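Residue-level structure breakdown
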Amino acid sequence: MFTGIIEEIGEIAAIAPSGDGWRLTVRAPRAASDAVHGESIAVSGVCLTVVGSTADTFDADVMKQTLDVSALGALDVGSRVNIEKAMPVGARLGGHIVQGHVDGTGAVLEVRPGDQWRMLRISLRADLAALVVDKGSISVAGTSLTVSAVSDVAEPDAWFEVSLIPETLEATILGALTPGDVVNLETDILARHVERLLAFRTLPEGGSR
């Protein structure tokens, strides 16, 4: 479990084939300094399991399905990634509940600068649009953000906007995004549960489809 509060910006140090997936070596001194085998670290929003570490790097295996549904498959050596270690029991929940199980990806459609902030408009798959609401929470590349605007339900191409404060621009990879860049998205787990519950409420009496 994560909170979406990024602890450091890491860098992909190596990518090696591992079965039909990859083994990533990530340079992230803060996370790696006390990393232990088997613990979870979110890499740009994707929960990965540590399988080895040094003083400033950790290794993690990424299966093919994760590469297919997330933006990790587009990484190269030298790519920068957001890093967050799992939340310890009893810690403050500074962002929102983030599982590290991404729903898919979105493309940056627009970057609009302000005096001290920056707005990002990001595309959204149609099947995820109902789960993203104005003033709700969403994880973008692992970063907990508040949605500042959403597309109208009648628009054929769904999108949402987030506004980034200077701290977020500096402490995460989001400050370097430009139109066309693809990011991992994870919608609010509470919204996903509500959607599932409502789906069962619409079943005919007897509970079968």
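Residues numbered from 1 in each chain as written. Predicted model: local features only at pLDDT ≥ 70, side-chain atom pairs only at ≥ 80, totals over all residues. Heavy atoms only, no water.

1. Quick look at the sheet that holds strand E12 (residues 182-187)
Heads up, the rule is: Pairing between two strands requires that DSSP report at least two bridges joining them. Counting from the N terminus, the helices are DSSP H or I runs at least four residues long and the strands are E runs at least two residues long. Throughout, an axis means a line fitted to C-alpha atoms (over the contacting stretch in the case of helices), and angles, computed between N-to-C directions, take values from 0 to 180 degrees.
Spatially, E7-E8-E11-E10-E9-E12 is the arrangement adopted by the six strands of the closed barrel, whose pairing is antiparallel. The sheet shows a mean angle of 45° between the axes of neighbouring strands, direction not considered. Here strand E7 (residues 104-113) pairs with strand E8 (residues 118-123) via five bridges, running antiparallel. Its bridge partner lying in E8, arginine 112 is registered against methionine 119.

2. What about the pattern of salt bridges?
As a reminder of what qualifies: The working definition used for a salt bridge is a side-chain nitrogen of Lys or Arg within 4 Å of a carboxyl oxygen of Asp or Glu. With a 1.4 Å probe rolled over the protein chains alone, any residue whose accessible area is under 20% of its type maximum counts as buried; one over 50% counts as exposed, and the rest are partly exposed.
On inspection of all chains with the given rule, the structure shows 11 salt bridges. The salt bridge partner of glutamate 39 is lysine 85, with a shortest N-O separation of 3.5 Å. With glutamate 39 in the loop between helix H1 (29-32) and strand E3 (40-43) and lysine 85 in strand E6 (residues 80-85), the pair connects residues that are 46 residues apart, well separated along the chain. Note on glutamate 39: relative accessible area 17%, which makes it buried. A salt bridge links aspartate 103 to arginine 192, with the nearest nitrogen and oxygen atoms 3.6 Å apart.

3. Brief notes about the pairing of strand E1 (residues 8-18)
Here four bridges tie E1 to E6, and the two strands are oriented antiparallel to one another. Bridge assignment links glycine 10 to a residue of E6, and that residue is valine 81. In this structure, E1 lies alongside strand E2 (residues 21-27), joined through seven bridges in antiparallel fashion. Across the sheet, isoleucine 12 pairs through a bridge with valine 26, a residue of E2.

4. Let's talk about the packing of aromatic side chains
Here is the rule we go by: The rule is short: rings of Phe, Tyr and Trp, with Trp giving its six-membered ring, pair when the centres are within 6.5 Å, and they are stacked under 30 degrees, edge-to-face over 60, tilted in between. For a lysine, the NZ atom is tested; for an arginine, the CZ atom; a charge sits over a ring if that atom is within 6 Å of the ring centre and within 35 degrees of the ring normal.
Overall, the coordinates contain zero aromatic pairs when judged by the stated rule. We note arginine 121 situated over the ring of tryptophan 159; from NZ or CZ to the ring centre the distance is 3.6 Å.

5. Details of the sheet that holds strand E4 (residues 46-53)
Strand order around the closed barrel formed by six strands is E1-E2-E5-E4-E3-E6, with antiparallel pairing between neighbours. With strand direction ignored, the average angle separating the axes of adjacent strands in the sheet is 45°. Alignment of E3 against E6, held across three bridges, turns out to be antiparallel. Considered in E6, the bridge of alanine 42 is made with glutamate 84.

6. Considering the nonpolar core
Using the following cut-off: Nonpolar core, defined: a set of buried Ala, Val, Leu, Ile, Met, Phe, Trp, Tyr and Cys residues in which side-chain atoms within 4.5 Å join the residues together. Contacts were defined at the residue level, with two residues in contact if any of their heavy atoms lie within 4.5 Å.
Formed by 22 residues in total, the largest nonpolar core has its most connected members in Val140 and Phe160. Those elements that place two or more of their residues in this core are E8, strand E9 (137-140), strand E10 (143-150), strand E11 (159-164) and E12. Sorting elements by how many residues they give to this core places E11 first, with three residues. When sequence neighbours within four positions are dropped, the list of residues in contact with phenylalanine 160 reads Leu120, Arg121, Ile122, Ser123, Leu124, Val132, Ile138, Val140, Val147, Ala149, Val150 and Leu185. In this structure, Ala28, Ala60, Leu67 and Val81 belong to the second largest nonpolar core, which totals 20 residues.

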